[in-house]
Amino acid sequence: MTSAPPDLVVVGSGFFGLTVAERVATQLDKRVLVIDRRSHIGGNAYSEPEPETGIEVHVYGAHLFHTSNERVWQYVNQFTEFTGYQHRVFTTYSGQTYSFPMNLLTLCQYFGRSFTPDEARALVAEQAAEIDTAAVGNLEEKAISLIGRPLYEAFVRGYTKKQWQTDPTELPAAVIARLPVRYNFENRYFNDTYEGLPKDGYTAWLQRMADHPNIEVRLSTDYFDVRDDLPSDVPTVFTGPIDKYFDYEAGELGWRTLDFETEVLPVGDFQGTPVMNYADEDVPYTRIHEFRHFHPERDYPTDKTVVVREYSRAAESGDEPYYPINTPEDRAKLERYRELAKKEAVDRRVLFGGRLGTYKYLDMHMAIGSALSMVDNRIRPFFDQGGALDGRLED
């Protein structure tokens, strides 16, 4: 990129920010400056080889690409080929391993007998009748009213308590809208039309998105340290935490975070599958990832493997935010930030997007689709026609 000033500043090099940057650079022929506080590109989708084994590890937790959005699928295939990987998960409880999400095989395994689909439906309905859904007062009661007490206590209670570090009787019923049980033997985790993993890894994919002469990427750079040095009339797409942008004027938004514990083991295969959930309350982690299984087509070592244990807890200041908690108090704060964002778009030409910028948990395909919409509906009209920017948060 030349030393000429940018036409657009993008804060954050995750999928949302890089999609915006790539489209503006290639389709609008505008210069884009991408700023990221981390030392690497890609946000939470960043992956790298574990040094001892060469096994590609998703540094911020497993990322599984799936979508039914035809436009998103066509877009991402410009930058990477995908494997035929289909995500399947298993869960352990009380020394036994079960198919997951809950399906007909799970029920047969747990109750120790074969069921037809209709028999399984009748059993779950009978057990769920213990509590009337309309009368529930907390998460535990809501879950039991959906799937019955036995399945709840085996597969939901302990896992939920570890996720939230709160007893399910003290969590609001609204935390779970539904608990699906599949009354067939389908064990694919996702139901989307397209699914796979990037053949060359996520980092290679993301680097290709940024590889354009109109795009400059500055890493290890905090936007708030350089904001005053940027041209004041250049529009900005901000994908960092919206509450931080406004200096927590309405208070900090609540998030859950994840901690990861990585270990290299002297075996060729530790668990035989990419992800194993742990439903028992006395097991401190929620799941174990074994990353060699995400790419069985690769030539990885046969005498070593990498496992990553995942722990969930409430985020504190300075932690990496992952999942919005979204309490009524959080939603009230967000409404205030939405109002501030509308004004900021008009006053300073700043748009907010992505997971942190909208306080929404977005899968990768959702972030990409949202970014494409922002370019179509607001950034392109701004550059083509001029005028004010619409400050609503992109869905």
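What this report covers is the structure whose coordinates are included nearby. This is a predicted model, so every value here is computed, not measured. (Residues numbered from 1 in each chain as written. Predicted model: local features only at pLDDT ≥ 70, side-chain atom pairs only at ≥ 80, totals over all residues. Heavy atoms only, no water.)

**Looking at the environment of Arg 313**
Along the polypeptide, Arg 313 turns up in strand 14 (residues 305-314). A polar atom in the side chain of Arg 313 sits 2.5 Å from the side chain of Asp 259. (Helix = DSSP H or I, 4+ residues; strand = E, 2+ residues; numbered from the N terminus. Polar contact = N/O pair within 3.5 Å; in protein donor to acceptor, adjacent residues only side chain to side chain.)

**Digging into the packing of aromatic side chains**
The final tally for this structure, using the stated rule, is 36 aromatic pairs. Seen in terms of ring centroids, Tyr 285 and Tyr 311 are 5.9 Å apart; in terms of plane orientation they differ by 90°. Their pairing is edge-to-face. Of this pair, Tyr 285 sits in the loop between strand 12 (275-278) and strand 13 (287-290) while Tyr 311 sits in strand 14, and the two are 26 residues apart along the sequence. Members of the aromatic cluster, connected to one another through ring pairs, are Phe 15, Phe 65, Trp 73, Phe 82, Tyr 194, Tyr 202 and Trp 205. Sitting over the face of the ring of Tyr 245, Arg 227 holds its NZ or CZ atom 5.4 Å from the ring centroid. If you follow Arg 309 out to its NZ or CZ, it ends over the ring of Tyr 285, 5.8 Å from the centre. (Phe/Tyr/Trp six-rings, centres within 6.5 Å; stacked < 30°, edge-to-face > 60°. Lys NZ or Arg CZ within 6 Å of the ring centre and 35° of its normal.)

**Remarks on the sheet that holds strand 16 (residues 350-352)**
Reading across from one edge, 9-2-1-10-16 is the order of the five strands in this open sheet, with parallel pairing throughout. Edge positions in the sheet fall to strand 9 (215-218) and strand 16, since each of these pairs with one other strand and no more. In this sheet, neighbouring strand axes are inclined to one another by 20° on average, regardless of whether the strands run parallel or antiparallel. Relative to strand 2 (residues 32-35), strand 1 (residues 8-11) is paired through four bridges, and the arrangement is parallel. Counterpart to Val 9 in the pairing with strand 2 is Leu 33. (Pairing = 2+ DSSP bridges. Axes fitted to C-alpha atoms, helices over the stretch in contact; angles between N-to-C directions.)

**Quick word on the nonpolar core**
What tends to happen in soluble globular proteins is that the nonpolar side chains get buried as a cluster. Counting 32 residues, the largest nonpolar core has Phe 15, Phe 65, Val 76, Trp 205 and Ile 368 as its most contacted members. Counting residues per element, this core draws most heavily on helix 7 (residues 202-210), at five residues. Structurally, this core is a two-domain feature, drawing no fewer than three residues from each of domain 1 (8-85 + 195-252 + 325-385) and domain 3 (255-314). Residues contacting Ile 368, with those up to four places away along its chain left out, are Phe 15, Thr 19, Phe 65, Val 72, Tyr 75, Val 76 and Trp 205. Counting residues in hydrophobic clusters, the runner-up holds 26 residues, among them Cys 108, Ile 147, Ala 154 and Val 181. (Core = buried A, V, L, I, M, F, W, Y, C linked by side-chain atoms within 4.5 Å. Buried < 20%, exposed > 50% of the residue type's maximum accessible area, 1.4 Å probe, protein only. Domains from an automatic or database assignment. Contact = heavy atoms within 4.5 Å.)

**Remarks on the pairing of strand 7 (residues 96-100)**
Where strand 6 (residues 89-93) lies against strand 7, five bridges are found, and the strand directions are antiparallel. Pairing of Thr 92 across the sheet is with Thr 97, part of strand 7. In textbook terms, the turn of a hairpin is the stretch between consecutive antiparallel strands, and for strand 6 and strand 7 this stretch comprises two residues, one of which, Ser 94, has a positive phi near 55°.

**Points about helix 5 (residues 139-147)**
Among the nine residues that make up helix 5, seven are buried, leaving the element largely enclosed by the rest of the structure. Every buried residue of helix 5 is accounted for by Leu 139, Glu 140, Lys 142, Ala 143, Ile 144, Ser 145 and Ile 147. Lining the buried residues of helix 5 we find helix 4 (117-128) and helix 6 (149-164). With a side-chain oxygen positioned 3.0 Å from the backbone nitrogen of Glu 140, the residue opening helix 5 is Asn 138.

**Describing unusual backbone geometry**
In this structure, Pro 101 follows Phe 100 across a cis peptide bond, with omega equal to 5°. One can find Pro 101 in the loop between strand 7 and helix 3 (104-111). Not every positive phi belongs to a glycine, and Ser 94 is a case in point at roughly 55°. Here Ser 94 lies in the loop between strand 6 and strand 7. If you check the backbone angles, Gln 165 has positive phi at about 50° while not being a glycine. In this fold, Gln 165 is placed in the loop between helix 6 and strand 8 (194-196). Gln 165 sits in the exposed class, given a relative accessible area of 53%.

**So, the sheet that holds strand 6**
An order of 7-6-12-13-14-11-15 is seen for the seven strands of this open sheet, with the pairing classed as mixed. Across the chains shown, the open sheet's two edge strands, defined by having one partner strand only, are strand 7 and strand 15 (323-324). Here four bridges tie strand 6 to strand 12, and the two strands are oriented parallel to one another. In the sheet register, Thr 91 faces strand 12, and the bridge partner there is Asn 277. Packed onto the sheet, helix 6 meets strand 6, strand 7, strand 11 (255-265), strand 12, strand 13 and strand 14 and runs at close to 95° relative to strand 6.

**Structural notes on the pairing of strand 12**
Neither face of strand 12 is exposed, since Val 275 and Asn 277 on one face and Met 276 and Tyr 278 on the opposite face are all buried. By the bridge criterion, three bridges tie strand 12 to strand 13 in an arrangement that is antiparallel. The residue of strand 13 that forms the bridge with Met 276 is Ile 288.

**Section: the pattern of salt bridges**
Considering all chains together, one arrives at 29 salt bridges under this definition. Notably, a salt bridge pairs Arg 121 with Asp 118, separated by 3.4 Å at the nearest N-O pair. Of this pair, Arg 121 and Asp 118 both sit in helix 4, three residues apart, which is roughly one turn of the helix. One salt bridge in this structure joins Glu 216 and Arg 218, with 2.9 Å as the shortest N-O distance. Glu 216 gets classed as partly exposed once you look at its relative accessible area, which sits at 24%. (Salt bridge = Lys/Arg side-chain N within 4 Å of Asp/Glu carboxyl O.)

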